[in-house]
Amino acid sequence: EYYSATSQLEKLLDVEAFMVEKFDEYLERAQKEQDNLKRFMEQIDEQLQDRDDLDEYFGNPLNAFITISRLVYDWKFNVFDLVLNSSNFETYRSTLSDAFEKINLTGPNQEDLHGASRALLRLQKVYQLNTDHLASGVLLPGERNPLNISLSASDCFELGKNLCQIKEYSYGSEWLLEARKRLHGNPTGFVSPNVSDVEILEQLSPAFSGLGNLKLAHKLNMEILDKKPDHEEALKNKVLYEGQLAKARNVIPRKQVDPPQTAEEEPKESFQLYTQLCRGELHQSPREQRNLRCWLSHQGVPYYRLSPFKFEQLNLDPYVALVHHVLWDSEMEMIMQHGRGSMERSKVGQSENSKIADRRTSQNTWLWYDVNPWLSRIKQRLEDVTGLSTESAEPLQLLNYGIGGQYEPHFDFVEDAEKIFGWQDDRLMTAIFYINDVALGGATAFPFLRLAVPPEKGSLLMWNNLHSSLHKDYRSKHAGCPILQGSKWICTEWFHVGAQELKRPCGLMSEEGKFSHLEDK
Ligand SMILES: O=C(O)CCC(=O)C(=O)O
Ligand SMILES: [Fe+2]
């Protein structure tokens, strides 16, 4: 799967580099052949200019011979065989497919294109990006094309069509209109030959019908018929739209207007807060922040007296803190080196019930401590910084988000912890290393705490998922905001309840059900 992580997208560049190389060879050969052809034509042209007097011309036996021979041999070998049989192309075709098989490269498929379309849609929705800005590569209002790319008419058409297929008519129609604009305006980039006005209209008209705008759907349908009067689908739709419009005219408008019907259900409160946090619209108030502190701590470990941890409290209850500069560059490089080759699409849910879902679009892999002895220093540092034991912890998880990649609001604790995790019990604390800086987007967001933490390379974000009585703390709901530009690599450690008895004795007052009103919000 190519769309859910940048590490996979990098492979696509290899595929493309390979194709460019092969096509370069092909073009070079084709160019040579064309040059030959041109020279051949020029020669003939010259010879044709020479013959003023045909009698005299053919009076020379050589000219007669040359003319006949040219038509019998030269044209055949130099032109017809070359162009019509195009042995060059056949040779090219077989080398390419042999080579592809050998290096076992497969390109992206339709599902990748759909995934990438959904990712762009998510970015538009979460960051409220306007279609023509995005199509021109502008991500932040007022900014000038930071990506230095812009989408062609055929890109916009493909995207609009994909979105209409998943019934996202509103954004889908915007992309189709953008395609139309780009087709008629100054076409930038490569316009795929199959994008025509009619093709765009064929998608656009039903999209407006899907949006309930029958008049516009009908008008656009008529435009198809203007261009192609015997277009079967359009003729059928004409009857359909006219019937529906006539029916609508006969209905006496009721006083009370029904709310427009939407296919989507109302998003949860935590989801709305999450998108606001991702956009940077929501912050803790100065009043909420006034008791937060920063300090240097050696955590009781002599070594760190020389190089203390830099703690920054982000929330007191539940506890959330960011510790700066915890990993060295060389350690992050090691993590990437060992993990990036074995990334797989992330799932949601536990063990046999886990599945792929759009609410978590990323790829991940696990780094086990026992098979990676070089991780022991990092493991020790995790223990030192959190004050917890890693005896019951999970292996480190390396995770990569690609275009529009995200993890929607969720809890890290599970139902039935004992059944799933046995003696290790539930996930007490989550600790995330940020392995890179993200150009735009990708913050870790806590909707109920009004907190969004932008990734900072080498730092560690940690928070409690459970109350001190080890009951679930529903305020710990959190998410990974979609990546708007760049990619995001993190490395996560889940500390469990087991084996923390002496490290962090639990509270004696039960906090079961506290803040449980947030459970489904
Ligand atoms: O991507 C993030 O910042 C959060 C990831 C997360 O919550 C998880 O992996 O459980
Ligand atoms: Fe999480």
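Residues numbered from 1 in each chain as written. Chains lettered and ligands numbered in written order. Predicted model: local features only at pLDDT ≥ 70, side-chain atom pairs only at ≥ 80, totals over all residues.

Points about the sheet that holds strand S12 (residues 460–464)
Using the following cut-off: Only when DSSP finds a minimum of two bridges between them are two strands counted as paired. Counting from the N terminus, the helices are DSSP H or I runs at least four residues long and the strands are E runs at least two residues long. Here, residue contact means that the backbone-derived C-beta atoms of the two residues sit within 7 Å. Convention adopted: a line fitted to C-alpha atoms gives each axis, helices being fitted over their contacting stretch, and angles between N-to-C directions are expressed from 0 to 180 degrees.
Sheet architecture is open: nine strands sit in the order S1-S2-S3-S12-S8-S15-S6-S5-S4, paired in antiparallel fashion. Looking at strand neighbours, the two that pair on one side only are strand S1 (294–297) and strand S4 (344–345), the edges of this open sheet. Here four bridges tie S1 to strand S2 (residues 309–315), and the two strands are oriented antiparallel to one another. Directly across from Trp295, in S2, lies its bridge partner Phe311. Its contacts with the sheet put helix H15 (residues 329–339) on strand S5 (363–367), strand S6 (396–401) and strand S15 (488–496), and the angle it makes with S5 is roughly 105°.

Quick word on the packing of helix H7 (residues 153–165) against helix H9 (residues 197–210)
Put simply, the rule is: Note: crossing handedness is left-handed where the near helix turns anticlockwise from the far helix by less than a right angle, and right-handed where it turns clockwise. Amino acids outside the nonpolar list (Ala, Val, Leu, Ile, Met, Phe, Trp, Tyr, Cys, Pro) and the charged list (Asp, Glu, Lys, Arg) are all regarded as polar, and Gly is one of them.
Where H7 meets H9, the axes come as close as 10 Å, and the angle between the chain directions of the two elements is 35°. Here H7 and H9 pass one another in a crossing that is left-handed. Residues Phe157, Gly160, Lys161 and Cys164 of H7 form the contact with H9, whose participating residues are Ile200, Gln203 and Ala207. Here the contact of H7 with H9 is composed, by residue class, of four nonpolar, two polar and one charged.

Topic: the pairing of strand S3 (residues 320–324)
Looking along a regular strand, one sees side chains alternate from face to face of the sheet. Short version of the rule: With C-beta atoms placed from the backbone, a residue is buried if 20 or more other C-beta atoms are within 10 Å of its own, exposed if 12 or fewer are, and partly exposed between those counts.
The element S3 is extensively covered by neighbouring structure, given that four of its five residues are classed as buried. Bridge count for S2 against S3 is five bridges, and the pairing is antiparallel. In the sheet register, Glu312 faces S3, and the bridge partner there is Leu322. Linkage of S2 to S3, two consecutive antiparallel strands, is achieved through a turn of four residues.

With respect to the site of ligand 1
Heads up, the rule is: We call a residue near a molecule or strand when its C-beta atom, built from the backbone, sits within 6 Å of it.
In the vicinity of ligand 1, the residues found are Tyr407, Asp412, Ile432, Thr444, His478, Gly480, Ile490 and Thr492. For the shell around ligand 1, the secondary structure elements donating two or more residues are strand S13 (478–480) and S15. Residues that form the shell around ligand 1 fall into these classes: three nonpolar, four polar and one charged.

Topic: the packing of helix H10 (residues 214–227) against helix H11 (residues 232–250)
Applicable threshold: Roughly parallel here means an angle under 35 degrees, roughly antiparallel means over 145, roughly perpendicular means 65 to 115, and every remaining angle is called oblique.
It is at 10 Å that the axes of H10 and H11 come closest, and there the two elements cross at 150°. The orientation of H10 with respect to H11, classified from their angle, is roughly antiparallel. Of the two elements, H10 crosses H11, and the hand of that crossing is left-handed. Contact residues: Leu214, Lys215, Ala217, His218, Asn221, Ile224 and Leu225 in H10; Ala234, Asn237, Lys238, Tyr241, Glu242, Gln244, Leu245 and Ala248 in H11. Classifying every residue of the contact of H10 with H11 by side-chain character gives eight nonpolar, four polar and three charged.

Some remarks on the nonpolar core
Our working definition: The term nonpolar core refers to a group of buried residues, namely Ala, Val, Leu, Ile, Met, Phe, Trp, Tyr and Cys, whose C-beta atoms join them within 7 Å. Either an automatic procedure or a domain database provided the assignment from which the domain bounds are taken.
In this structure, Cys156, Ala179, Cys278, Phe433, Ala445, Leu460 and Ile490 are the most contacted members of the largest nonpolar core, which totals 90 residues. Both of domain 2 (110–250) and domain 3 (272–518) provide at least three residues apiece to this core. Residue contacts for Cys156: discarding those within four places in its chain leaves Ala135, Leu151, Trp175, Glu178, Ala179 and Arg182.

A look at the domain arrangement of the protein
For the protein, the assigned domains read domain 1 (6–103), domain 2 (110–250) and domain 3 (272–518). Relative to domain 3, the C-alpha centre of domain 2 lies at a distance of 40 Å. With eleven residues of domain 2 at the contact, the number on the domain 3 side is twelve residues. For the side of domain 2 that touches domain 3, the class distribution of residues is eight nonpolar, one polar and two charged.

Here we look at the sheet that holds strand S10 (residues 444–446)
Pairing within the open sheet is antiparallel, and its four strands lie in the order S7-S13-S10-S11. Each edge of the open sheet carries a strand with a single partner, namely strand S7 (407–410) and strand S11 (451–453). Across this sheet, the average inter-strand angle for adjacent strands is 15°, counted without regard to direction.

Some remarks on H7
Quick note on the threshold: Multiplying one less than the number of residues by 1.5 Å gives the expected span of a helix.
The end-to-end C-alpha distance of H7, which contains 13 residues, comes to 18 Å, matching closely the 18 Å that a straight helix rising 1.5 Å per residue would cover. Along H7, eleven of the 13 residues are buried, which leaves the element largely enclosed by surrounding structure. Within H7, burial applies to Ala153, Ser154, Asp155, Cys156, Phe157, Leu159, Gly160, Lys161, Asn162, Leu163 and Cys164. Taken together, the buried residues of H7 touch helix H5 (110–127), helix H6 (131–135), helix H8 (169–184) and H9. Downstream of H7 by a residue or two, Lys167 has a phi angle that is positive, lying close to 65°.

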